[in-house]
Amino acid sequence: MKKTSRAIALFFGVAIIHSCQRDTTFLITETSVGPLTQTTKVSELESTFVKDSVVGDTARINLGTSAKKIEVFEKGGKHLLTLTPNSDSIPTVQNVRIMDSRYVSEKGIGLQSTFKDIQNKYDIKKIVTTLNSIVVFPKGSNLYFTIDKEELPESLRYSTSDIEAVQIPDNAKIKYLMLGWE
């Protein structure tokens, strides 16, 4: 009876430890997006995303030369990421555009989040106004968020003047989530 009790306790202990491990498949950190890291070479993308499809100029990727854009799709066809390589002699990924809403930052921000969610989790360093959108840069982070001007009050949609955080509605949705490595 003692052996059975110990075996059951050991089984549950292992199960609890295993369930506590964090799944990083769709986790965005400052130095990684899922299996992709800041130091992953372009030539290693096929092996990094072995369960997915990497689409780009295959000859350039295999040679390790810089393709303009590289897209990563799930085997079922869902667009996961768009990668922009740098132009170094051994190219790595410089910019990652998150395309799938399952990806979330360590602080829980993803494509389904709102401006209020961003403000609750990050301090805002600056907001840049472009012709059709605003870009929100958090302090101390490589992440940045683009919000379409259609999410703003009508009086701000056609202006190129600076927009302050207090002018952005709490429920403004994120259009693009990007991570830039330099």
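Predicted, not measured: the structure shown is a model, and the values here were computed from it.

Trainee: Explain the side chain of Ser141 to me, please; I cannot follow it from the model alone.
Mentor: By secondary structure assignment, the location of Ser141 is in the loop between strand S10 (133-138) and strand S11 (143-148). A distance of 3.1 Å separates the side chain of Ser141 from the backbone nitrogen of Leu143, its partner in a polar contact.

Trainee: Mind showing me how you'd approach the pattern of salt bridges here?
Mentor: Pairing between side chains of opposite charge can happen when the charged atoms of each approach one another. Using the criterion set out here, one finds six salt bridges in the structure. Between Lys41 and Glu44 there is a salt bridge, and its shortest N-O distance comes to 3.9 Å. Owing to a relative accessible area of 32%, Lys41 belongs among the partly exposed residues under this scheme. In this structure Glu44 comes out as partly exposed when scored by relative accessible area, which is 31%. Taken together, the shared-partner salt bridges connect Glu74, Asp100 and Arg102 into one network.

Trainee: Help me understand the side chain of Ser32 in this model?
Mentor: Position of Ser32 relative to the elements: it lies in strand S2 (residues 32-33). Note on Ser32: relative accessible area 14%, which makes it buried. In terms of polar contacts, Ser32 uses its side chain to reach the side chain of Thr29, at 2.6 Å. Filtering out sequence-adjacent residues up to four positions away, Ser32 remains in contact with Leu27, Thr37, Leu179 and Trp181.

Trainee: How should the packing of aromatic side chains be read in this particular structure?
Mentor: How two aromatic rings sit relative to each other is given by the distance of their centres and the angle of their planes. Counting across every chain of the model gives three aromatic pairs. Each ring, one from Phe26 and one from Tyr103, has its centre 4.9 Å from the other, and the planes form 75 degrees; the classification is edge-to-face. One end of the pair, Phe26, is in the loop between helix H1 (2-20) and strand S1 (27-28); the other, Tyr103, is in the loop between strand S7 (93-98) and strand S8 (104-105), with 77 residues separating them in the sequence. Residue class for Phe26 comes out partly exposed when judged on its relative accessible area of 22%. Overall, the relative accessible area of 2% leaves Tyr103 in the buried class. Residues Phe137 and Tyr144 carry aromatic rings whose centres are separated by 5.4 Å and whose planes lie at 25 degrees to one another, so their mutual orientation is stacked. Accessibility expressed as a relative area gives 23% for Phe137, which makes it partly exposed. Positioned above the aromatic ring of Phe137 is the side chain of Lys126, whose terminal nitrogen or guanidinium carbon lies 5.4 Å from the ring centre.

Criteria and thresholds
Residues numbered from 1 in each chain as written. Predicted model: local features only at pLDDT ≥ 70, side-chain atom pairs only at ≥ 80, totals over all residues. Heavy atoms only, no water. Helix = DSSP H or I, 4+ residues; strand = E, 2+ residues; numbered from the N terminus. Polar contact = N/O pair within 3.5 Å; in protein donor to acceptor, adjacent residues only side chain to side chain. Salt bridge = Lys/Arg side-chain N within 4 Å of Asp/Glu carboxyl O. Buried < 20%, exposed > 50% of the residue type's maximum accessible area, 1.4 Å probe, protein only. Contact = heavy atoms within 4.5 Å. Phe/Tyr/Trp six-rings, centres within 6.5 Å; stacked < 30°, edge-to-face > 60°. Lys NZ or Arg CZ within 6 Å of the ring centre and 35° of its normal.

Honestly, that's just the spatial picture; any functional story needs more than this.
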